[in-house]
Amino acid sequence: MEPVTEERAEVRAADPLTEHVQGVVRRLRAFDRRRPLVWDLHLTAFWLTAALIDYTGGGWRNVAHDLDVPGPLLLALSLGFTIPLLWRRSHPAAVLLAMAPVALVNAWTGAVLQATMLQLLVVFHIALRLPLRALCWATPLVLAQVLVQGVRFGDSAGSWNQQFGSQLLSIGVAALIGITVRTRRNYTAALEDRARRLEIERDQQGRLAAAAERARIAREMHDIIGHNLSVITGLADGGRYAAAKSPERAAQALDAIGDTSRQALGELRRLLDVLREDERDRQQAAELTPQPTLTDLAPLIDGVRRAGLPVRTAVNGRPDLPAGRQLAVYRVIQEALTNTLKHAGPDATADIDLSYGDGGAVTVTITDTGRAARPATTTDGRGLPGMRERTALYGGTLEAGPRPLPEQGWRVHLHLPEESPQ
């Protein structure tokens with residue numbers, strides 16, 4: 001058998017006749033949900049008209065066992081079988097109970113009106129709308145008229161077993177159709193509910209992704225702007241003090257401010273370019289995202305030194321880290337040095353001890369000799385919390401706090417363990 005390809009399935013789904021029929025059915029169902037009484041009145045009027053035609057035209061005489069049934073009784077039986085149909089969808093059990101005495105009188109008098117078959121329509125609605133156990137009492141209730149007819153007219157009513165079997169089969173077919181429609185509706189409702197939940201989940205995932213992206217961008221903006229502005233501030237202060245005594249040093253400070261500003265503007269432009277990318281260029285945008293690596297530590301430290309903070313570095317091992325871990329280490333060192341520039345005070349120094357292990361493990365300790373008392377985070381809440389978030393991505397630990405006495409200053413210790421094998 002030839003497999004159904006996706007293209008053929010789309011062509012089949014786009015069949016104009018099928019779409020037209022489905023659209024008409026959807027509109028009819030929507031109208032029926034809005035105004036159910038209209039459909040109920042039309043159906044009841046249809047069957048009432050058919051029953052009255054059978055009564056007035058004498059068609060009932062072709063199957064009746066007694067042709068002398070009074071006319072008013074026939075009219076009452078016709079109305080008793082049809083009028084209750086108006087409530088067949090809202091109260092099917094009550095409608096069947098109301099029809100049962102009419103059906104028994106119909107069988108006992110020998111009129112045998114064909115309208116008695118409308119009980120099968122009510123059985124259909126019972127199977128469609130009520131618990132299936134309701135069929136246990138509805139079935140014998142409908143079969144009772146066959147028993148009454150057999151007792152009342154005996155052999156003249158035909159084979160009792162044949163009538164009983166035929167009526168039981170009719171009830172079974174009506175109930176089976178009702179169960180089938182009910183199953184189909186439940187299945188459709190389940191699919192609609194699943195689609196609705198998937199839409200909600202998709203929207204939630206989109207909001208979560210947007211929130212995560214905003215947090216990532218906020219961290220990047222904090223790291224870029226906070227660090228570079230701190231360096232620029234330090235250079236400006238140093239240049240102002242040096243302007244009177246050493247114009248050359250002031251000029252060097254201005255040059256360093258220009259270089260730092262241009263570097264910060266370049267990083268911001270790359271970040272903003274990523275935000276302006278279309279969905280179609282999302283993969284290319286990922287390549288444009290600013291991702292500093294450990295090779296950028298030297299320019300970072302040189303900029304901090306030019307801002308007036310002496311920094312000593314010690315490196316053990318060979319750097320062999322994935323890009324994500326390199327970014328985390330870089331940002332932690334950048335944040336620690338920025339905080340030192342802001343809060344350590346004059347005459348402070350900083351030390352960076354960087355040790356690389358196997359399997360992507362790395363340990364970094366940044367210490368300074370400035371004032372130990374300083375805020376635990378920046379005013380926007382993205383300093384140390386951002387460092388801890390980056391560390392947690394790789395299952396690492398981050399410690400930040402005053403150095404133990406008698407030493408003075410602040411200490412930041414980062415440890416990323418080995419990467420787990422995939």
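To keep things clear, this report deals only with the structure shown in the data block. Numbering of residues begins from 1 in every chain and follows the order in which that chain's sequence is written. It should be noted that, the model being predicted, local features are given only for residues of pLDDT at least 70 and side-chain atom pairs only at 80 or more, the latter also being counted only at that level, while totals for whole chains, interfaces and linings use all residues. Calculated side-chain values reflect all of the structure's heavy atoms, with hydrogen atoms and water omitted.

### Quick look at the overall build of the chain
If you tally the helices and strands in the chain, you get 13 helices and five strands. Buried, partly exposed and exposed residues are distinguished by accessible area as a fraction of the type maximum, computed with a 1.4 Å probe on protein chains only: under 20%, between the cut-offs, and over 50%, respectively. By residue count, 37% of the 422 residues in the chain fall in the buried class. Every residue pair with non-hydrogen atoms within 4.5 Å of one another is taken to be in contact. The contacts in the chain between residues at least 6 apart in sequence include a share of 70% that link residues at least 24 apart. Entry remark: accessible area of the chain is about 25100 Å², with carbon and sulfur atoms responsible for 59%. Secondary structure elements follow DSSP: runs of H or I of four or more residues count as helices, runs of E of two or more count as strands, with numbering from the N terminus. Here the accessible surface of atoms and residues is derived via Shrake-Rupley with a 1.4 Å probe, and residues count as covered only by protein chains that are part of the display.

### Comments concerning the environment of H413
Along the chain, the position of H413 falls in strand β5 (residues 410-416). According to the relative accessible area criterion, H413 is buried, its value standing at 16%. Residues H413 and I352 lie 61 residues apart in sequence; the distance between their C-alpha atoms is 9.9 Å. Those residues in contact with H413 that lie beyond four places of it in its chain are T363, V364, T365, T397, L398 and E399.

### Here we look at unusual backbone geometry
Here the phi dihedral of V112 falls at roughly 50°; this positive angle occurs in a residue that is not glycine. With respect to the helices and strands, the residue V112 is situated in the loop between α5 (92-109) and α6 (118-129).

### What to know about the packing of helix α12 (residues 323-343) against helix α13 (residues 384-393)
For helices, the fitted line uses only the C-alpha atoms of the stretch in contact; every axis is such a line through C-alpha atoms, and the angle between N-to-C directions lies from 0 to 180 degrees. In contact at an axis separation of 10 Å, α12 and α13 are set at 160° when each is read in the N-to-C sense. Between α12 and α13, the angle is such that the two are roughly antiparallel. Both α12 and α13 take part in a crossing whose hand is left-handed. Packed against α12, whose contacting residues are L327, A328, R331, V332, E335 and N339, the element α13 presents L384, M387, R390 and T391 at the interface. Three classes are used: nonpolar for Ala, Val, Leu, Ile, Met, Phe, Trp, Tyr, Cys and Pro, charged for Asp, Glu, Lys and Arg, and polar for all others, with Gly counted as polar. By residue class, the composition of the contact of α12 with α13 is five nonpolar, two polar and three charged. In what follows, roughly perpendicular refers to angles from 65 to 115 degrees, roughly parallel to angles under 35, roughly antiparallel to angles over 145, and oblique to any angle outside these ranges. A crossing counts as left-handed when the near helix is turned anticlockwise from the far one by less than a right angle, and as right-handed when that turn is clockwise.

### A short note on the layout of surface pockets
Only protein atoms enter the 1 Å grid used here. Points where a 1.4 Å probe fits but cannot escape make up a cavity, open sets with protein on both sides within 12 Å along at least five of seven lines make up a pocket, and a residue lines them when an atom lies within 4 Å of a point. Grid points are joined across faces, edges and corners, and a volume is the space filled by probe spheres set on the points. Considered as a void within the structure, the largest pocket measures approximately 880 Å³ in volume. Lining the largest pocket are 24 residues, with V25, R29, D32, R33 and R185 positioned closest to its centre. Mapped onto the lining of the largest pocket, the elements with two or more residues apiece are α2 (16-34), α3 (36-56), α6 and α8 (160-245). When residues in the lining of the largest pocket are grouped by element, the largest group, seven residues, is from α2.

### Focus on α13
Of all the residues in α13, the buried ones are L384, G386, M387, R390 and T391. Taken around the axis of α13, the buried residues stretch over an arc of 160°, which confines them to a single face. Of the exposed residues in α13, those oriented more than 90 degrees away from the buried face are A392 and L393. Where α13 ends, the next residue or the one after it, G395, has phi of about 70°, a positive value. Directions are taken from the helix axis to each C-beta atom, and the arc is the one they span.

### A word on the packing of aromatic side chains
Pairing of aromatic rings covers Phe, Tyr and Trp, the last counted by its six-membered ring, and requires centre-to-centre distances within 6.5 Å; plane angles under 30 degrees mean stacked, over 60 mean edge-to-face, and any other angle means tilted. This model, assessed by the stated rule, comprises one aromatic pair. Both rings, one in F46 and one in W47, keep their centres 5.1 Å apart while their planes meet at 75°; by these two values the pair is edge-to-face. With a relative accessible area of 32%, W47 lands in the partly exposed category. Note on criteria: charge over ring means Lys NZ or Arg CZ within 6 Å of the ring centre, with the direction from the centre no more than 35 degrees off the ring normal. Lying across the ring of W108, R152 places its NZ or CZ 5.0 Å from the centre.

### Some words on the sheet that holds strand β2 (residues 350-356)
Here five strands make up an open sheet; going across it, the order is β1-β2-β3-β5-β4 and the pairing mixed. Edge strands, defined here as strands with exactly one partner in the open sheet, are β1 (311-316) and β4 (397-402). Each adjacent strand pair in this sheet contributes to an overall mean axis angle of 5°, direction not counted. Any two strands with at least two DSSP bridges between them are considered paired. One ladder, built from six bridges, connects β1 with β2; its direction is parallel. When the sheet's bridge partners are listed, V315 is paired in β2 with L354. Lying on the sheet, helix α11 (residues 297-306) is in contact with β1 and β2; it crosses β1 at an angle near 160°. α12 contacts β1, β2, β3 (362-368), β4 and β5 of the sheet and is inclined by roughly 5° relative to β3.

### Here's the deal with the pattern of salt bridges
A side chain of one charge can pair with a side chain of the opposite charge if their charged atoms are brought near each other. The salt bridge criterion pairs a side-chain nitrogen of Lys or Arg with a carboxyl oxygen of Asp or Glu, the two atoms within 4 Å. What the rule picks out here adds up to ten salt bridges. Measuring nitrogen to oxygen at the nearest pair gives 3.4 Å for the salt bridge that ties D193 to R196. Remark: R196 and D193 occur in helix α8; sequence separation between them is three residues, near one turn of the helix. The exposure class of D193 is partly exposed, given its relative accessible area of 30%. One continuous salt-bridge network, built from bridges that share partners, spans D32, D40, R88 and R89.

### With respect to a positive patch on the surface
To count toward a patch, a residue needs a relative accessible area over 30% and no salt bridge; like charges are then connected within 9 Å, while nonpolar side chains (Val, Leu, Ile, Met, Phe, Trp, Tyr) are connected within 5 Å. A positive count includes Lys and Arg, and a negative count includes Asp and Glu. His and the chain ends are not counted in either. One atom stands in for each charge, and that atom is NZ of Lys, CZ of Arg, CG of Asp or CD of Glu. Taken together, the side chains of R29, R33, R34, R35, R129, R184 and R185 present a region of like positive charge at the surface. Counting only elements with at least two residues in the positive patch, the list comes to α2 and α8. The biggest single contributor to the positive patch is α2, with three residues. Residue position: R34 is located in helix α2. Take R34: its relative accessible area is 56%, and that puts it in the exposed class.

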